[in-house]
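Structure assessment
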Amino acid sequence: VSRVFPDEFRESHVQRLASFFQSARDTLRGLAPGRRDNPTVVLLTPGPYNETYSEQVFLARYLGFALVEGGDLTVRDRRVWLKTLEGLRPVDVILRRVDDTFCDPLELRADSSLGVPGLVEVTRAGNVTVANTLGSGAVEMPALMAFLPRLCRHLLNEELLLPNLATWWCGQSPAFDYVRQHLPDLVIRPAFGPMRSESIVAAGLDEKARATLFETIRRTPFDFVAQEQATLSTAPVWERGQLEARPVVVRAFVCATASGFSVMPGGLTRFSNASNETVVSMQQGGASKDTWVLTDGPVSQVTLLKPTRHVIRLERSAIEVTSRVGDNLFWLGRYSERLEDLVRVLRCLLIRLTGEAGAEETPDVSAMVSLLVHLDLFPRKFHEGYRLAGVEREVYLLIYQTHRLGTVREVAGRLRNLAFVLRDRFSVDTWKILGRAQVSARARPGRAQAGEALALLNALVADLAAFSGMEMENMTRGHGWRLLDVGRRLERSINVVTLLQAAVGLKSHGLAALDPVLEITDSVMTYRRRYFAEPQWPGVLDLLLADESNPRSLAFQVAALAEHAAHLPREAAPISFEVPAAQIANLSEILLKSDWQALAEIPAEALEQSATALLERCGVGLRAISDSITHLYFSHAETRVS
């Protein structure tokens, strides 16, 4: 808000928050077991689908802590470790933003995928500090509020400084009698759930529902508390072009330091999603407003950033990337390439169905239909016979269907999910391009038309090319970018090999499939300039497998993979796996030792056998490289040896 209203912010003498965050950061570092000089502190988040994820991202960035999910951490030898591309890194302090019952599926909620298996045991052993500690959520139990005034007098010999919301625990007879007599004026909540648990406003119930509610309370009175119905303050909210008054709840942030409690002078205020809504919750559609605390004196200029005059050491090393982020980037590259390949295949067939031949079946169309059957995109029944109308309808299904694996919309959905998780890794321009690709993929005419389908496919090719260009020109060449490009190169290699395997198997179609193969791999013009002739198998294989100058060839991808492997973390490989660099070198040697000139001189049947064997070896090698990268950098399933 200070950026939108800089003058108002400056003239109001708004208290700065940096001193509080500095206290919080120092306190968290000081909680490390053994008081290490440079402890590793992480912020454990439920993930990007949590309603306060944006706050957690900001907090982690501002404090300089790694933002991690449960899958980023693992327990080994009663220690918590962070999975990074460089290997396992010990964790000393966990700032927890996951509910305590979800933190360990082994000892707490078995159905939780948000926590870290074994975390309770490590905490119990004192090898990691969890803040707030596991079980601290007990202080949020509504039942405790019924006893706060007396607890304060008993423990501190003073009255509460802030008034307590009148609360009656129904497990006590006097409180139960009061609730029975005044139920229409009260709010009923679970006694031992969190403060944000669902509440029931008795005033909003009819007589029958109110009687049912009381009967439920009477059966297990100790499970419920009743509270007075508070009248919340309101604040203006801009909604539908006008200001509306919305109920608000101020959230206080407090840090227990060695010298006492530090309170954040400001923060975020929650407001409800409707003017008549008495429950303020982000989970129920609420949102946040910036909250300022004003001062009459000068404003503290404390900042967590180093001053401009501070001499820093220049850094050009790769920024640490967690294994989860690396895994997501790797698959983002694969799915973007998979989507482009699928779009090019469908576009190639659709162009032929709507070309000059019209409703006539050409050798190209027949070869393309068989090719799509071999690629498992068309059903096997198309081998026995088909009509062009049925072929066109199947293409539309592959474009527009959502709940079928391998369709354009299904693969685009996977790409969208990964891009959403990695949104903070991309620039605004890159994110706009990804968003435009998603809009294109969601487009669907009321009735499928060839022209509209072609326009959609062309738009997707352009959007994916733009994303690839932004990736190549704008992303810093760190480990994250390399894994993104490794995923892209691996997927393109697998697509080329799979496409050629399918084409080689089309014995009855002769050379009719070669033109579509070159078109799908965007190599038509290169082949024509080089040979000035109709496509032949030796030239096509050489161009798409061995030519390192062709950005679509297997050799080009293998060279790029080798370059990436040389710059990725050079940790020792697990006991039972080769280092990816060695596997890439082996694949490169297969291509180098192949006698491409000899392929041009052997009979067609021998060529088919040789090409099939070569492609099979390449496919096995590529899958092995993918498995090794996953095992080495993402899963950390085995102990590494030096």
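Our structure's up above, just so we're on the same page.
So, a few notes on the structure that sits alongside this text. (Residues numbered from 1 in each chain as written. Predicted model: local features only at pLDDT ≥ 70, side-chain atom pairs only at ≥ 80, totals over all residues. Heavy atoms only, no water.)

As a further point, take helix 13 (residues 428–442). Over its 15 residues, helix 13 runs 21 Å from end to end, which matches the ideal 21 Å to within 8%, given 1.5 Å per residue. Looking only at helix 13, the buried set comprises Thr 430, Ile 433, Leu 434, Ala 437, Gln 438, Ser 440 and Ala 441. Projection of helix 13 onto a plane perpendicular to its axis shows the buried side chains occupying an angular sector of 160°, all on one side. Away from its buried face by more than 90 degrees, helix 13 exposes Val 428 and Lys 432. The elements touched by buried residues of helix 13 are helix 12 (408–421) and helix 14 (450–474). (Helix = DSSP H or I, 4+ residues; strand = E, 2+ residues; numbered from the N terminus. Expected span 1.5 Å × (residues − 1). Buried < 20%, exposed > 50% of the residue type's maximum accessible area, 1.4 Å probe, protein only. Arc of directions from axis to C-beta. Contact = heavy atoms within 4.5 Å.)

On to the pairing of strand 16 (residues 266–271). With 5 of its 6 residues buried, strand 16 lies for the most part within the structure. Relative to strand 17 (residues 287–292), strand 16 is paired through 6 bridges, and the arrangement is antiparallel. By the bridge assignment, Phe 271 is partnered in strand 17 with Ala 287. (Pairing = 2+ DSSP bridges.)

Turning our attention to empty space enclosed by the protein. Scanning all chains against the criterion turns up 2 cavities of 30 Å³ or more. Roughly 90 Å³ of internal volume is contained in the largest cavity. Taken together, Glu 337, Asp 341, Arg 344, Arg 492, Asn 495, Val 496, Leu 499, Ile 520, Thr 521 and Arg 552 form the lining of the largest cavity. Elements supplying a minimum of two residues to the lining of the largest cavity: helix 9 (323–353) and helix 15 (479–504). (1 Å grid on protein atoms, 1.4 Å probe; cavity = no way out; pocket = protein on both sides within 12 Å on 5 of 7 lines; lining within 4 Å. Points joined across faces, edges and corners; volume = space filled by probe spheres on them.)

Evaluated as defined, the whole model comprises 38 salt bridges. Among the salt bridges present, the one from Arg 344 reaches Asp 522, with a minimum N-O distance of 4.0 Å. Within this pair, whereas Arg 344 is found in helix 9, its partner Asp 522 is found in the loop between helix 16 (514–520) and helix 17 (524–531), the two being separated by 178 residues in sequence. A salt bridge links Glu 589 to Lys 593; the shortest N-O distance between them is 2.7 Å. Of this pair, Glu 589 and Lys 593 both sit in helix 20 (residues 580–593), 4 residues apart, which is roughly one turn of that helix. Salt bridges sharing common partners tie together Glu 337, Glu 340, Arg 344, Glu 471, Arg 488, Arg 492, Asp 522 and Arg 552. (Salt bridge = Lys/Arg side-chain N within 4 Å of Asp/Glu carboxyl O.)

Here we take up the packing of helix 9 against helix 14. One can describe the packing of helix 9 onto helix 14 by two numbers: an axis separation of 10 Å at closest approach and a directional angle of 150°. In this structure, helix 9 meets helix 14 at a crossing whose hand is left-handed. The segment helix 9 lies against helix 14, with Leu 332, Ser 336, Leu 339, Glu 340, Val 343, Arg 344, Leu 346, Arg 347, Leu 350 and Ile 351 engaging Ala 450, Ala 453, Leu 454, Leu 457, Asn 458, Leu 460, Val 461, Leu 464 and Phe 467. When the residues that make up the contact of helix 9 with helix 14 are grouped by side-chain class, the tally is 14 nonpolar, 2 polar and 3 charged. (Axes fitted to C-alpha atoms, helices over the stretch in contact; angles between N-to-C directions. Left-handed = near helix turned anticlockwise from the far one by under 90°. Nonpolar A, V, L, I, M, F, W, Y, C, P; charged D, E, K, R; others polar.)

The next subject is the pairing of strand 12 (residues 234–239). Two elements, strand 12 and strand 13 (residues 242–250), share 6 bridges in a ladder whose sense is antiparallel. Residue Glu 239 lies in a different strand from strand 13, and its bridge partner there is Gln 242. Between the antiparallel neighbours strand 12 and strand 13 lie 2 residues, among them Arg 240 with a positive phi of about 50°.

All told, the structure shown has 14 aromatic pairs when counted by the stated rule. Ring geometry for Phe 9 against Trp 292: centres 5.2 Å apart, planes inclined by 80°, an arrangement best described as edge-to-face. Separated by 283 residues along the polypeptide, Phe 9 in helix 1 (residues 6–11) and Trp 292 in strand 17 bring together distant segments of the chain. By relative accessible area, Trp 292 is classed as partly exposed at 28%. (Phe/Tyr/Trp six-rings, centres within 6.5 Å; stacked < 30°, edge-to-face > 60°.)

Before going further, it helps to examine a nonpolar patch on the surface. Together, Val 1, Val 4 and Phe 5 give the surface a local cluster of nonpolar side chains, amounting to about 290 Å² of exposed area. Note on placement: Phe 5 falls in the segment before helix 1. (Patch = residues over 30% accessible without salt bridge, like charges linked within 9 Å, V, L, I, M, F, W, Y side chains within 5 Å. Areas by Shrake-Rupley, 256 points an atom, 1.4 Å probe, with all protein chains shown as cover.)

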